[in-house]
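A closer look at the structure
Chain by chain, the residues:
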Amino acid sequence: MDLLIHRLAEIATPLGTTPRRGSELKEVCRSPGREVFCRDGKILFVGSAEDRRQRFGELPHATRLDGTGKTLVPGFVDCHTHLPWAGSREHELAARLAGKSYQEIAAAGGGILSTVAATRAASEEELAENVRSRLDRMLAHGTTTAEAKSGYGLSLPAELKQLRAIRRGADGHVVDVVATLLAAHEVPAERRGSAAERARFLDEICQEITPAAASEGLATFCDVFCEEGVFTVEESRRVLRAGIDHGLVPRLHADEFVDSGAAGLAAELGAASADHLVAVSEAGIEAMAAREVMAVMLPGVSFFLRKEGYAPARRLIGAGVALALATDCNPGSSHTESLPFIVWLGVFKLGLTIEECLTAITLNPACCLGLGEEIGSVEEGKRADLVLLDAPNLFNLAYHFGVNPVAAVVKGGEVVVG
Ligand code: NIG
Ligand code: FE
């Protein structure tokens, strides 16, 4: 099938197949008066109408997408989400609005463990249906590829059920999904009685859950919540090494509330990313820069938890780190599927430019997921995953906030939204 996207006000895209680090993050190519011609799911041509006519003729049979007054950007890539959960934590938001902190709510029996109870009680199909409806909302907001983590099962059967629900929910869905095993998200209630119980849970993760998830091909990445009061650096190292031994690529929830040296562990292991980083130390930043570990910023969490502090995005960029932005879509600390909303937080709370934000929701997260050769930019040879913004230029994406800026989504060369 042929698709011609024409009369565009602007195309805005990072270029290349590798992460944009430091000052490269803002190097976005913005060109007016270009067309994009897609064939067999890929971008075959980007250039002027004149050049297109010379090379391909009038294309009378191609489907046409009219870009008048609009901006074309790469399909968004959400590289950090927790999609397969059941239940709701609305009441926790009410408690936070009344002044309670996330940690206080967790200590009182809420938090991750309340979602674990609801998720364990749900069937695989119920979870898959939740994944589908969340993917639908992501797609409506421009996301064409997403990562999804387990982590609300915390036992062999429940973690595998979540991973199978990711696969089942993604099967046949337009959005491509990459799965992550996050069995070390929290210590479940039944393993909290003693140090020996806790040790047995870590054994279960390393010796049973990780090999089972890997041998069934249910996950590409492994992840751990390395944080004071959750898993220590030593425990996290053990869990991630078990993942590496079984062919899973490590990532970390790192230094979200306090600096526990998790960014340094990410560097030591050559992790694909360290995520959150609100409390990351200078040493952690330097280690990440030296080992080229991507920093994934999740500003929806600071926003939703009503915190003053946001991750030091500008210091990370200054140190030469590659940055991505993601929703962290989850029921407790960031209940949104919208990457445009995360872009507004990137601009207004992290101090990023709109060009930096664009790279951070397209090429860089694509590279984080190992997909930089295939997606993440509007370039000949890449898959035709594209978003047409209802905006006359890229900057308008920041300027017009609180609306859905997506006029159309193209996935694999087909118009799937709009
Ligand atoms: O990424 N930080 C840990 N995990 C999630 C929150 C999960 C929850 O509260 O349910 C996060 O923010
Ligand atoms: Fe998370």
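Predicted, not measured: the structure shown is a model, and the values here were computed from it.

Position of Asn396 relative to the elements: it lies in helix α16 (residues 396-399). You can call Asn396 buried: its relative accessible area is 16%. Separated by 224 residues in sequence, Asn396 and Gly172 have C-alpha atoms that sit 33 Å apart. If we skip the residues at most four places from it in the chain, Asn396 touches Asp390 and Ala391.

We now examine the pattern of salt bridges. Counting across every chain of the model gives 34 salt bridges. Here Arg7 makes a salt bridge to Asp66, at a shortest N to O gap of 3.6 Å. Residue Arg7 is found in the loop between β1 (2-6) and β2 (10-13), and its partner Asp66 is found in strand β6 (residues 63-66); the two are separated by 59 residues along the sequence. By relative accessible area, Asp66 is classed as partly exposed at 36%. Through salt bridges with shared partners, one network takes in Glu124, Glu125, Glu129, Arg132 and Arg168.

Any two of four tetrahedral donors ideally make an angle of 109.5 degrees at the metal, while pairs among six octahedral donors ideally make 90 or 180 degrees. For the iron ion (ligand 2), the full set of protein donor atoms is His80 (NE2), His82 (NE2), His253 (NE2) and Asp328 (OD), and the range of their distances to it is 2.0 to 2.3 Å. Spacing between the donor residues of the iron ion (ligand 2) along the chain follows H-x1-H-x170-H-x74-D. Of this pair, His80 sits in the loop between β8 (76-78) and α2 (90-97) while Asp328 sits in the loop between β15 (323-325) and α13 (339-348), and the two are 248 residues apart along the sequence. Judged by its relative accessible area of 1%, Asp328 is buried.

What the domain assignment reports for the protein chain is domain 1 (2-74 + 377-417) and domain 2 (76-337). A C-alpha centroid distance of 32 Å is found between domain 1 and domain 2. At the junction of the two partners, domain 1 supplies 19 residues and domain 2 supplies 16 residues. Between domain 1 and domain 2, a total of about 1300 Å² is buried, with carbon and sulfur atoms accounting for 64% of that surface.

Thresholds, definitions, all that
Residues numbered from 1 in each chain as written. Chains lettered and ligands numbered in written order. Predicted model: local features only at pLDDT ≥ 70, side-chain atom pairs only at ≥ 80, totals over all residues. Heavy atoms only, no water. Helix = DSSP H or I, 4+ residues; strand = E, 2+ residues; numbered from the N terminus. Buried < 20%, exposed > 50% of the residue type's maximum accessible area, 1.4 Å probe, protein only. Contact = heavy atoms within 4.5 Å. Salt bridge = Lys/Arg side-chain N within 4 Å of Asp/Glu carboxyl O. Donors = N, O, S within 2.8 Å, 3.2 Å for Na, K, Ca; no water. Domains from an automatic or database assignment. Buried area = accessible area lost by both parts, 1.4 Å probe.

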